[in-house]
Amino acid sequence: MDAHAEALGALGPHTTGVGCLYLKDLDRVDLDVLRGILERSRAWVESGGDARMHLTVTS
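Note that the coordinates shown come from a computational prediction; the quantities given were computed from them, not determined experimentally.

### Description of the overall build of the protein chain
(1) Moving on: Each helix and strand counted, the protein chain has two helices and two strands in total.
(2) Moving on: Ordered by position from N to C terminus, the α and β elements of the protein chain give α-β-β-α.
(3) Moving on: Relative to the 2.2 N^0.38 estimate, which gives 10 Å for 59 residues, the radius of gyration of the protein chain is 11 Å and therefore close to what a compact globule would have.
(4) Moving on: Counting only C-alpha atoms, the protein chain reaches 35 × 20 × 20 Å along its principal axes.

### Focus: the nonpolar core
(1) Moving on: Counting seven residues, the largest nonpolar core is built from Ala7, Leu8, Leu11, Val29, Val33, Leu34 and Ile37.
(2) Moving on: Mapped by element, the contributors of at least two residues to this core are helix H1 (5-11) and helix H2 (31-46).
(3) Moving on: Those residues in contact with Leu34, other than ones at most four positions away along the chain, are Leu11, Leu21, Leu23, Leu26 and Val29.

### Some words on the side chain of Ser41
(1) Moving on: Along the chain, Ser41 falls in helix H2.
(2) Moving on: Every residue in contact with Ser41, bar those within four places of it in the chain, is listed here: His4 and Leu55.

### Side note on the environment of Ala5
(1) Moving on: For Ala5, the location among the structural elements is in helix H1.
(2) Moving on: Sequence separation between Ala5 and Ser47 is 42 residues, and the spatial gap between their C-alpha atoms is 21 Å.

### Here's the deal with the pattern of salt bridges
(1) Moving on: A complete count under the given rule lists two salt bridges for this structure.
(2) Moving on: Residue Asp32 is joined to Arg35 by a salt bridge in which the shortest nitrogen-to-oxygen separation is 3.0 Å. In this pair, Asp32 and Arg35 both sit in helix H2, three residues apart, roughly one turn of the helix.
(3) Moving on: What makes Asp32 exposed here is its relative accessible area of 59%.
(4) Moving on: Look at Arg35 and you get partly exposed, because its relative accessible area is 45%.

Conventions and cut-offs
- Residues numbered from 1 in each chain as written.
- Predicted model: local features only at pLDDT ≥ 70, side-chain atom pairs only at ≥ 80, totals over all residues.
- Heavy atoms only, no water.
- Helix = DSSP H or I, 4+ residues; strand = E, 2+ residues; numbered from the N terminus.
- Rg over C-alpha atoms; globule rule 2.2 N^0.38 Å.
- Core = buried A, V, L, I, M, F, W, Y, C linked by side-chain atoms within 4.5 Å.
- Buried < 20%, exposed > 50% of the residue type's maximum accessible area, 1.4 Å probe, protein only.
- Contact = heavy atoms within 4.5 Å.
- Salt bridge = Lys/Arg side-chain N within 4 Å of Asp/Glu carboxyl O.

As structure tokens, then:
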């Protein structure tokens, strides 16, 4: 999450876990900021990332 510290500050209300991002109300979240975080995370995973890293999106 440290790699996204600036973006998380602009995201809106959220909480984080060890490597998780929890959003309770999408109406209060900046979706452009969220999209940027997700795109950077996906690019990192697809480029090899870390063998221990998994990217999971749930609803």
